[in-house]
Amino acid sequence: MSTGGGDAPGLNAVIRAVTLTAAKRGWECYGIRDGYNGILYPERYPEGGVFRLTLDRVRGIAHLGGTMLGTTNKGNPLHFPLPQADGSVRHIDRSDDIIDYFARQGLDALVAVGGDGSLAIAHELHKKGLRVVGVPKTIDNDLDKTFTTFGFDTAVEFATDCIDRLHSTAESHQRVMVVEVMGRYAGWIALHAGIAGGAHAILLPEIPFDLDKVVAKIRHRDLLGRMYSIVVVAEGAAPRDGQRVVLESGNAGHAERLGGIGEQVARALGERTGKDARAVVLGHLLRGGSPTSFDRLASLRFGTAAVRALAEGRSGVMVALGYPDVNCVPLEEVAGRMKSVPLDSDTVQTARDLGICLGD
C-alpha cells in the first residue's frame, strides 16, 4: 500500500486496518515509502524502499497523526523528473516501472491512499493492468463520490477551536481577525469551521467575494456595539474583480501552492474600516495531530473495506462513505473530479440564515 499527497490525520489508522484485515485472510501486506518513491528511488532507502507491514509494526498507531509510510506530493510516477545535462529537467512516465516492480516481487494488488492526485495516479495504474483499490484521504473534503474523506473532521475541529479562541482576543482589542484555512479550491473547511466557530463572514472559493459586503457587515456590527469581527477565508478564495493568491506556480507533476489571501483581506479591511485587522494563517496546523474519533473510525472502516473489496475480486474502485455504509465507486468517476461546496446546500443556507456574510 502507499500513502501519497499531503498528510492527514487517520492515515496510520488506515495502514493498521489494511494490515490487520489482510493478515486475517492469510495475506502479506507491504508498505511503499513516500508515495511511490520507495520504488522509484530505491537508492534513497538503504533499509528498503518497500517493507513488510507486520502486526507488530502497526501496533498502537491508529491514534497517531501522520503516516508511518511517509508521503510526498512531488513523487508522481506519471511525471517523473529526469535532470538533463544542460541543467534542465525533463518529465517522463515511469508508471511501467511500478507495474514491473509489482510483477517481479509477486505483489498482487495496491491499496492507494490519497486525494485527487494520488487517486488519478492509481486510476492510470489500474488501466495498465494493476489491481487497485483507492482510499479517499484529504482534509479538504474535495473528493467526489464520498460523503466525506478522513482528515476533514479533524481539520474542522481544530479550526473551530482556533476560531473560538480568537473571539476573546478580538473582542478585547476590538479587532478584525481574519483566519485563513486550507482547502485549496473548495471551501468545505472554511464553511464548516466558520459556522461552528461563530464567524461573522466566510469567504469561499465557490463565491467570488465583494469586499464591500464584508466591510458593510463589520460596520453594521460596530453600530450594534459589537466592536469586533471574525472573518474566515479559504486559501482558494478570490475577490470578484481579482485572482486567487498563488505562492508558487504549478508545473508538471506538482500542484500550485495557494496562500496569502488572509493577509491581503486583513490589510484591505484595516484600510477601509479603520480598525486594527490581523491575519492568522492556520496552514499545516490543520494537518497535524491525532484524528478525531469520527476520522479514526472512518479510516478503520475504509481500510477494512479496501481489503474486503480485493477479496471480492474488485479493482479500479475507491471505497467511499455513503450514508450510513461504506461502498465502492469506480475510480474513473473520481479521478480528475473535484467536489465543490454546493451553493444551494443546507449548510450554505444555514450560514445565510444565521446572518453570516458570504461576500456576495
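Look above for the structure.
An account of the accompanying structure is given in this report. (Residues numbered from 1 in each chain as written. Predicted model: local features only at pLDDT ≥ 70, side-chain atom pairs only at ≥ 80, totals over all residues. Heavy atoms only, no water.)

With respect to the sheet that holds strand E9 (residues 201-203)
In space, the four strands of this open sheet follow the order E9-E10-E8-E13, with parallel pairing throughout. The open sheet terminates on both sides in strands that have one partner only, identified here as E9 and strand E13 (277-281). Strand-to-strand, the axes of this sheet are offset by a mean angle of 20°, without reference to chain direction. Each of strand E8 (176-181), E9 and strand E10 (229-234) is contacted by helix H7 (residues 211-223), which is oriented at about 160° to E10, the strand it contacts most. Lying over the sheet, helix H8 (residues 261-273) contacts E8, E9, E10 and E13, oriented at roughly 165° with respect to E8. (Pairing = 2+ DSSP bridges. Helix = DSSP H or I, 4+ residues; strand = E, 2+ residues; numbered from the N terminus. Axes fitted to C-alpha atoms, helices over the stretch in contact; angles between N-to-C directions. Contact = heavy atoms within 4.5 Å.)

Quick look at helix H1 (residues 11-24)
For H1, which comprises 14 residues, the first-to-last C-alpha distance of 20 Å matches the rise-based estimate of 20 Å (1.5 Å per residue) to within 8%. Burial of H1 is extensive: ten of the 14 residues sit out of reach of the surface. Where H1 is concerned, the buried positions are Leu11, Asn12, Ala13, Val14, Ile15, Ala17, Val18, Thr19, Thr21 and Ala22. Of the residues flanking the end of H1, it is glycine 26, one or two places downstream, whose phi is positive at about 80°. (Expected span 1.5 Å × (residues − 1). Buried < 20%, exposed > 50% of the residue type's maximum accessible area, 1.4 Å probe, protein only.)

A closer look at the packing of aromatic side chains
Scanning the entire structure with this criterion turns up two aromatic pairs. Centroid distance tyrosine 41 to phenylalanine 80: 5.2 Å. Interplanar angle 35°. Geometry classified as tilted. In this pair, tyrosine 41 sits in the loop between helix H2 (37-40) and strand E3 (50-52) while phenylalanine 80 sits in strand E4 (residues 80-83), placing the two residues 39 residues apart along the sequence. Each of the two residues, tyrosine 41 as well as phenylalanine 80, counts as buried. Above the plane of the ring of tyrosine 41 lies arginine 44, whose end atom (NZ or CZ) is 3.6 Å from the centre. A cation over an aromatic ring shows up here: arginine 94 above the ring of phenylalanine 80, its NZ or CZ 4.4 Å from the ring centre. (Phe/Tyr/Trp six-rings, centres within 6.5 Å; stacked < 30°, edge-to-face > 60°. Lys NZ or Arg CZ within 6 Å of the ring centre and 35° of its normal.)

Here's the deal with the packing of H7 against H8
Contact pair H7 / H8: the axes reach a minimum separation of 10 Å and the direction vectors enclose 55°. Taken together, the axes of H7 and H8 lie oblique to each other. Crossing of H7 against H8: the hand is right-handed. Across the interface between the two elements, Leu211, Asp212, Val214, Val215, Ile218 and Arg219 of H7 pack against Val265, Ala268, Leu269, Arg272 and Thr273 of H8. (Parallel < 35°, antiparallel > 145°, perpendicular 65-115°, else oblique. Left-handed = near helix turned anticlockwise from the far one by under 90°.)

A closer look at the packing of H1 against helix H9 (residues 293-311)
The description of two helices packed together rests on the angle between their axes and the distance between the axes. The N-to-C vectors of H1 and H9 enclose an angle of 35°; their axes lie 7 Å apart at closest approach. The two elements H1 and H9 cross, and the hand of that crossing is right-handed. Between H1, through Ala13, Val14, Ala17, Val18, Thr21 and Ala22, and H9, the contact on the second element is made entirely by Arg296, Ser299, Leu300, Gly303, Thr304 and Val307. Grouping the amino acids of the contact of H1 with H9 by side-chain chemistry returns seven nonpolar, four polar and one charged. (Nonpolar A, V, L, I, M, F, W, Y, C, P; charged D, E, K, R; others polar.)

So, the pattern of salt bridges
If charged atoms from side chains of opposite charge come close, those side chains can pair. Scanning the model with the defined rule gives 15 salt bridges in all. Salt-bridge contacts for aspartate 276 lead to arginine 175; the nearest nitrogen and oxygen are separated by 2.7 Å. You can see aspartate 276 sitting in the loop between H8 and E13 and its partner arginine 175 sitting in the loop between helix H5 (152-173) and E8, a full 101 residues away along the chain. Accessibility expressed as a relative area gives 32% for aspartate 276, which makes it partly exposed. Residues joined by salt bridges that share partners form a network here, namely Arg175, Asp276 and Arg278. (Salt bridge = Lys/Arg side-chain N within 4 Å of Asp/Glu carboxyl O.)

Focus on the pairing of strand E5 (residues 89-92)
For E4 and E5, the ladder comprises four bridges, and the chain directions are antiparallel. Note on E5: the bridge partner recorded for phenylalanine 80 is isoleucine 92.

A short note on the side chain of glutamate 206
Residue placement: glutamate 206 occurs in the loop between E9 and H7. The side chain of glutamate 206 is buried and forms no salt bridge, while arginine 244, the nearest opposite charge, is found at 8.5 Å. Polar side-chain contacts of glutamate 206 include one of 3.0 Å to the backbone nitrogen of glycine 187. Side-chain polar atoms of glutamate 206 contact the backbone nitrogen of valine 341, separated by 2.9 Å. Glutamate 206 has contacts with Tyr185, Ala186, Gly187, Ser340, Val341 and Leu343, leaving out every residue within four places of it along the chain. (Lys, Arg positive; Asp, Glu negative; His and termini not counted. Polar contact = N/O pair within 3.5 Å; in protein donor to acceptor, adjacent residues only side chain to side chain.)

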